[in-house]
Amino acid sequence: MYKIENAEGVKAVFRSSLPRSKDENVFFPPCPRDRLVKIAKLPSLSPIMDMKIIMLKNNRPQLYLATGRGPASSFKICNQALDVQILKSHYIKEKFLHQNLKPDYLWIIERKYVCDSKLLFVASFWSSTVVYYLDNGIFHEYQSESFQLSTNTLLCVGIRKNTILQVCPEGACIILKGVNRIFWNEAVIVDCVVNNSCLVLATENKDIIYFVLYPGNEDLVITPQSVSKKLEGHIICMSIAERTENEQLLAVGISLSEYPCETKYTYECKSPMHEIHLFKLILMGMDIVDLFKITTIPYCLVSLFFQTANEDFTLLIGDKVKCVAISL
């Protein structure tokens, strides 16, 4: 576990307000990785596949981990004080671990989003999804037909009371009061991002599909219509951040190779070029506006993450072996 020291002192290497021609590419040098300070560590032989941090009422963080090495795959709940301490550990049943599968993603669904008020743990594998709930400190398998379990899950989050969003490669659905309703399944989904205002899906056809969410509206959860945009390359990763009440920033990492970047999580990459495209999403009126694109020749993109402070945005770019940052 690290903290970023003196993050406010990082100088911008690029500003979007600078004048440039319409088709001019943006190049940037990476920020040095000299501000990470280690504050705690958890000895483990199992790799952490995904992690969530929830702040407790006493303002202390609690860590939820999905770790995995075949039959040793497990959920862990940890407290972080001076050192990380494991409070609970639960090994996932053998039937989900055939062919030595490891959990890829983990989501914690808080009680207020679940119709029967259970704390849910959703783990996605290569071709299946498993859901558990925590009761009196003990994990139980969640018996419900509301989740899509016969496929892997790309996203599973609560968006308002008794309402859960689940996105799988085959389609996206809303689980409203325990009832599953598919609202989009027109193409294979390869990635997705969501926040309090909107949902963006990325398809294998190089399209991004944009929906507006209404978490405060009792009658309407998500817009029945969507806005789509065709991109130049295969979509690898995305990130979203709120800019104003009516605008969102969307960053999309793409590979310009002829075929999708199948070596995304290996050290070898066969794609000669990668780019990051930045868009402005308009909520009222629903529109996708091009801002600019960033050419990232040396880096094979794995993840993007927006970090916001006041009106400044920093885009963290993760590739297979390093993390770089660009200030917007």
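Residues numbered from 1 in each chain as written. Predicted model: local features only at pLDDT ≥ 70, side-chain atom pairs only at ≥ 80, totals over all residues. Heavy atoms only, no water.

Participant: Sorry if this is basic, but what is going on with the environment of Val167 here?
Facilitator: Positionally, Val167 belongs in strand S12 (residues 163-168). In sequence terms Val167 and Leu201 are 34 residues apart; their C-alpha atoms lie 8.7 Å from each other. Each residue touching Val167, except ones within four places of it in the same chain, is listed here: Thr153, Leu154, Leu155, Ala172, Ile189, Cys192 and Leu201. (Helix = DSSP H or I, 4+ residues; strand = E, 2+ residues; numbered from the N terminus. Contact = heavy atoms within 4.5 Å.)

Participant: It is not clear to me how the sheet that holds strand S13 (residues 171-176) should be interpreted in this structure. Could you clarify?
Facilitator: Taking strand neighbours across the sheet as the criterion, the four strands line up as S11-S12-S13-S14 in an open arrangement whose pairing is antiparallel. The open sheet has two free edges, formed respectively by strand S11 (155-160) and strand S14 (179-184), since each of these has just one partner strand. Sheet twist, expressed as the average angle between the axes of neighbouring strands with direction ignored, equals 25°. Across five bridges, the pairing between S13 and S14 is antiparallel. Within the sheet, the bridge partner assigned to Ile174 lies in S14 and is Arg181. (Pairing = 2+ DSSP bridges. Axes fitted to C-alpha atoms, helices over the stretch in contact; angles between N-to-C directions.)

Participant: Would you explain the environment of Val221 in this entry?
Facilitator: Relative to the helices and strands, Val221 resides in the loop between strand S17 (207-212) and strand S18 (227-230). With 47 residues separating them in the primary sequence, Val221 and Ile174 have C-alpha atoms 8.4 Å apart. When sequence neighbours within four positions are dropped, the list of residues in contact with Val221 reads Ile159, Arg160, Thr163, Ile174, Val212, Leu213 and Tyr214.

Participant: I keep staring at a nonpolar patch on the surface and nothing clicks. Help me out?
Facilitator: A contiguous nonpolar patch, built from Ile48, Met51, Ile53 and Met55 and spanning about 380 Å² of accessible area, is present on the exposed surface. Along the chain, Met51 turns up in strand S3 (residues 48-55). (Patch = residues over 30% accessible without salt bridge, like charges linked within 9 Å, V, L, I, M, F, W, Y side chains within 5 Å. Areas by Shrake-Rupley, 256 points an atom, 1.4 Å probe, with all protein chains shown as cover. Salt bridge = Lys/Arg side-chain N within 4 Å of Asp/Glu carboxyl O.)

Participant: Honestly, the side chain of Thr153 in this entry has me stumped. Any pointers?
Facilitator: Mapped onto the secondary structure, Thr153 falls in the loop between strand S10 (138-141) and S11. Among the polar contacts made by the side chain of Thr153, one reaches the side chain of Gln166 at a distance of 3.1 Å. In this structure Thr153 touches Tyr105, Trp107, Ser124, Thr129, Gln148, Gln166, Val167 and Cys168, once residues within four positions along its chain are discounted. (Polar contact = N/O pair within 3.5 Å; in protein donor to acceptor, adjacent residues only side chain to side chain.)

Participant: Looking at this structure, I do not really get unusual backbone geometry. What am I missing?
Facilitator: Of note, Ser117 is a non-glycine position whose phi angle comes to about 60°, a positive value. Relative to the helices and strands, Ser117 is located in the loop between strand S7 (105-109) and strand S8 (119-124). Its identity as a non-glycine residue notwithstanding, Asn162 has a phi of 60°, on the positive side. Locating Asn162 in the fold gives a position in the loop between S11 and S12.

Participant: Is there a simple way to think about the confidence of the model for the protein in this case?
Facilitator: Caution applies to low-pLDDT regions: their predicted coordinates should not be interpreted in detail. In the predicted model, the protein carries a mean pLDDT of 77, and 65% of its residues have values of at least 70. In this model residues 263-267 is a low-confidence stretch, pLDDT under 50, and it forms 14 contacts with partners more than four residues away in sequence or in other chains. (pLDDT = per-residue confidence, 0-100.)

Participant: What is the right way to read the packing of aromatic side chains from this model?
Facilitator: Centre distance and the angle of the planes are the two values used to describe a pair of aromatic rings. Counted according to the given criterion, the structure contains four aromatic pairs. Between Phe121 and Phe139, the ring centres sit 5.0 Å apart and the planes meet at 70°, which makes this aromatic pair edge-to-face. Placement of the pair is Phe121 in strand S8 and Phe139 in strand S10, with a sequence separation of 18 residues. Using a relative accessible area of 1% as the deciding quantity, one classes Phe121 as buried. Look at Phe139 and you get buried, because its relative accessible area is 9%. Pairing Tyr133 with Tyr142 gives two aromatic rings, centres 6.1 Å apart and planes at 75°, and the pair type is edge-to-face. The residues Tyr133 and Tyr142 share a single accessibility class, namely buried. In this structure an aromatic cluster arises from ring pairing among Tyr133, Tyr142 and Phe147. Above the plane of the ring of Tyr133 lies Lys118, whose end atom (NZ or CZ) is 5.1 Å from the centre. (Phe/Tyr/Trp six-rings, centres within 6.5 Å; stacked < 30°, edge-to-face > 60°. Buried < 20%, exposed > 50% of the residue type's maximum accessible area, 1.4 Å probe, protein only. Lys NZ or Arg CZ within 6 Å of the ring centre and 35° of its normal.)

Participant: Even after reading the chapter, I still don't get the pattern of salt bridges, so can you show me in this structure?
Facilitator: Opposite charge on two side chains makes pairing possible when the charged atoms of those side chains draw close. Counted by the stated rule, this structure contains five salt bridges. Measuring nitrogen to oxygen at the nearest pair gives 2.9 Å for the salt bridge that ties Lys229 to Asp290. Within this pair, whereas Lys229 is found in strand S18, its partner Asp290 is found in strand S22 (residues 287-295), the two being separated by 61 residues in sequence. Given a relative accessible area of 22%, Lys229 falls into the partly exposed group. Taken together, the shared-partner salt bridges connect Arg243, Glu247 and Lys280 into one network.

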